[in-house]
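Architecture at a glance
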Amino acid sequence: MTPTRPLGELEAAVMNHLWSGRDGEAKAVHVSLGKRRGITLNTIQSTLKRLFEKGLLARDKVSHAHVYRPRMTREEFHRGLLDDLVRSLMHGQGETFVAAFVDVTERAGPEHLERLEALVAERRRSLERGQR
Amino acid sequence: MTPILNTAQLFLLAGVLFLAIGSFATNLIVRALGPRLARWDPRARHRAIVVVAALPIILAAALLFAASLPSLVSLALPGRDHCVVHDDGHAHLCFVHLPPSGIHLGWLVALVAVALVPFVRGAMAIRRVRAAESIVAALAATGEHHVELGITIVESVQPLCFTAGLLRPRVLLSRGLFEALTSDERSVVFAHELAHVRRRDALIAGMVHMLGVLHTPHIRRWLARELAVAAEQACDEEAATSIRDRVAVAATVLSVERMTRDAGLAALDPVAVAFGACAVKRRVESLLGDPLPPHSLRRAGFIVGTALATVLVLANEVHHLTESLLSVVAH
């Protein structure tokens, strides 16, 4: 499994800021995120540059400053990460790391599923009859 | 080689031999008693499987301690020397009269090679887990947090729900599944996943996975599979207790299974062939029946305790037998 887009805490906060449709200029991001966290404008600028280099952000030069915007939606980003995770489950590498509600790597056959659903319905009916 | 290194070599070889004996004994125990475990309630079964995974180490540690005991007593009480003769070419597990020679070089190379396998496997497993941790951390940091529910919703139409992370387990639920579930089904799914978080199932599974290196491939697969099923069933039981409706939990398991299937994840089917019954089938059938009564591990603990005590009582015999064995195989 190769994580293509792992994010640090600040990088995630910057991506959330930009996905919410707010201004992508470094100063605006600093006002929104940096001041509260006691982070300098330089740190925000290098975080934006790092995300640009990772391919997660695009940028346009407006006047003398870069204005950043996400290159993919939050859903596209999550889909890529989930694909990586599910692929790792398929290769049996992540099974000890993840406890899925229904194990996606181990499926009940259709005939089993129908039989089990019939059993559940039957059990429900018998419980309802017992309550009357 | 110095006498201390010679002693270390002998103990290393004895340790590996004892681990092999422990692994063989565990194999026999699983084959004899494995089917009986299916009748235990899932919480007790889960604990028992963890003990079985650690059994080779427990047995090897007990045997190594027993083999060292006469020598330790001699060290503590100089008047009570357990060795009758010393420089007889026999392998001596003795801290008082350190052996003049170690084991054969071929054995030493083989031992290092054998010891390297778990280290390499462990390092690779840690690398993969760290990579997976970073993916989950990225999903959690950019998802929609529901602090009151203890879950994070990730933006995906794929119906997925899982608890991930060894030290900081997190419940991640896809938007697709969140919207497809009814309110009652959500309650079941949240209760089930939060039970995984409380029980630290991923961490325990990780430890058992690491201990798997001490077992044969057949037992390793059995441990991984039965541990996963027991954990799922234990969480199903906790969800059933929480919402007070076992049938609703069974119905939700089937509902999520069907959604996952209908969403095109059927492409995963080729890897679905596993030995034993399917986990969904076992979970649902168990939920439709009456809950199994809690099974006390006291009896199993008594048997293991008696076996360990017997090994210690027979410390002298274990000591001499180990020396003879070492003399035959490596001296």
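Conventions adopted
- Residues numbered from 1 in each chain as written.
- Chains lettered and ligands numbered in written order.
- Predicted model: local features only at pLDDT ≥ 70, side-chain atom pairs only at ≥ 80, totals over all residues.
- Heavy atoms only, no water.
- Helix = DSSP H or I, 4+ residues; strand = E, 2+ residues; numbered from the N terminus.
- Buried < 20%, exposed > 50% of the residue type's maximum accessible area, 1.4 Å probe, protein only.
- Salt bridge = Lys/Arg side-chain N within 4 Å of Asp/Glu carboxyl O.
- Disulfide = S-S within 2.5 Å.
- pLDDT = per-residue confidence, 0-100.
- Contact = heavy atoms within 4.5 Å.
- Core = buried A, V, L, I, M, F, W, Y, C linked by side-chain atoms within 4.5 Å.
- Patch = residues over 30% accessible without salt bridge, like charges linked within 9 Å, V, L, I, M, F, W, Y side chains within 5 Å.
- Areas by Shrake-Rupley, 256 points an atom, 1.4 Å probe, with all protein chains shown as cover.
- Phe/Tyr/Trp six-rings, centres within 6.5 Å; stacked < 30°, edge-to-face > 60°.
- Lys NZ or Arg CZ within 6 Å of the ring centre and 35° of its normal.

As a further point, take unusual backbone geometry. Residue and element names in this part refer to chain B. Positive phi is not limited to glycine here, since R200 has a value of about 55 degrees. Structurally, R200 can be placed in the loop between α5 (183-199) and α6 (201-211). Overall, R200 belongs to the partly exposed group, its relative accessible area being 37%. With a phi close to 60 degrees, R244 is a non-glycine residue in the positive phi region. Looking at the secondary structure, you find R244 in the loop between α7 (217-243) and α8 (246-262).

Inspection of the entire model under this criterion finds 19 salt bridges over all chains. Measuring nitrogen to oxygen at the nearest pair gives 3.1 Å for the salt bridge that ties D60(A) to R69(A). When its relative accessible area of 36% is taken as the criterion, D60(A) is described as partly exposed. Overall, R69(A) belongs to the partly exposed group, its relative accessible area being 41%. Put simply, R175(B) and E144(B) hold a salt bridge, and the shortest N to O gap is 2.6 Å. You can see R175(B) sitting in helix α4 (residues 175-180) and its partner E144(B) sitting in strand β1 (residues 144-146), a full 31 residues away along the chain. A single network of salt bridges, built from pairs that share partners, joins E11(A), R50(A) and K54(A).

All names here are of chain B. Counted by the stated rule, this structure contains zero disulfides over all chains. C161 takes part in no disulfide bond, and the closest cysteine sulfur to it belongs to C235, at a distance of 11 Å. Judged by relative accessible area, which is 5%, C161 ranks as buried.

Residues and elements named next belong to chain B. Residues with a pLDDT of 70 or more make up 92% of chain B, whose mean pLDDT is 84. Low pLDDT, under 50, characterises residues 265-277; the stretch is placed with 24 contacts to residues that sit more than four places away or in other chains. ipTM for the predicted complex: 0.80, alongside a pTM of 0.83.

Take the nonpolar core next. The biggest cluster of nonpolar side chains holds 35 residues, and the ones touching the most others in it are L7(A), V14(A), L48(A) and L139(B). Within the residue set of this core, elements represented by two or more residues are α1 (9-19), α2 (26-37), α3 (41-53) and α4 (74-90) of chain A together with α3 (105-142) and β3 (161-164) of chain B. Here this core takes seven residues from α1(A), the largest share from any one element. Among residues more than four places away in sequence, those in contact with L7(A) are A12(A), M15(A), L51(A), K54(A), L56(A), F77(A), A138(B) and T142(B). Residues L10(B), L13(B), A62(B) and A66(B) belong to the second largest nonpolar core, which totals 19 residues.

Our next topic: a nonpolar patch on the surface. All names here are of chain B. A cluster of nonpolar side chains, namely F65, L72, L75, V96 and L312, defines an oily patch on the protein surface of about 400 Å² accessible area. It is helix α2 (residues 42-76) that provides the largest number of residues to the nonpolar patch, a total of three residues. Looking at the secondary structure, you find L75 in helix α2.

Counting across every chain of the model gives two aromatic pairs over all chains. For the cation-ring pair, R59(A) lies above F52(A), with the distance from its terminal atom to the ring centre recorded as 4.0 Å. Above the face of the F178(B) ring, R186(B) is positioned so that its terminal group lies 4.0 Å from the ring centre.

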